[in-house]
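Take a look at the letters that make up each chain.
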Amino acid sequence: MDTSSESEEDDKSVKIERSHEPEIVFTEDEKHELDKLVTDHDIVYYSVNFGEGVVKEMLMCSMFGIQVSTSAAIQGYRVQVERVTRVANSLKCFTNLLKVDQVALL
């Protein structure tokens, strides 16, 4: 069996599994809160820039298989940690936790 038919079968099985999930209906207030949460998340998350060098290396890696340098990998990791930290600190439910718990989660 070739990989394209395997992929098609995987897609079909995922669709079948999803069709058994219940439909969730949100109220207008819930939709508004979700939209606000997503917008706030995006603003905080994208406020930390990867930098042109890391982006170029990531593109070269994904397009041509060129290995990402150690420094770029470390910088990318640091950016992701900073993004996660900023998002967490922007959430009221996270900031309401004890500092010990916040540190443990991060």
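Look up a bit, the structure's there.
Residues numbered from 1 in each chain as written. Predicted model: local features only at pLDDT ≥ 70, side-chain atom pairs only at ≥ 80, totals over all residues. Heavy atoms only, no water.

A.B. asks: What's the story with the nonpolar core in this structure? I'm lost.
C.D. replies: Counting five residues, the largest nonpolar core is built from Val48, Phe50, Val54, Ala72 and Val79. Not counting chain neighbours up to four residues away, the residues in contact with alanine 72 comprise Val54 and Glu57. (Core = buried A, V, L, I, M, F, W, Y, C linked by side-chain atoms within 4.5 Å. Buried < 20%, exposed > 50% of the residue type's maximum accessible area, 1.4 Å probe, protein only. Contact = heavy atoms within 4.5 Å.)

A.B. asks: Honestly, the packing of aromatic side chains in this entry has me stumped. Any pointers?
C.D. replies: In this description, an aromatic ring pair is defined by two values, namely the gap between the centres and the angle between the planes. Counted according to the given criterion, the structure contains one aromatic pair. The interplanar angle of 90° and the centroid separation of 5.0 Å between the aromatic rings of tyrosine 45 and tyrosine 46 together place this pair among those described as edge-to-face. By relative accessible area, which is 18% here, tyrosine 45 ends up buried. The exposed category is assigned to tyrosine 46, whose relative accessible area is 55%. Against the face of tyrosine 45 rests arginine 83, its NZ or CZ located 4.4 Å from the ring centre. (Phe/Tyr/Trp six-rings, centres within 6.5 Å; stacked < 30°, edge-to-face > 60°. Lys NZ or Arg CZ within 6 Å of the ring centre and 35° of its normal.)

Read these as geometric descriptors, not functional statements.
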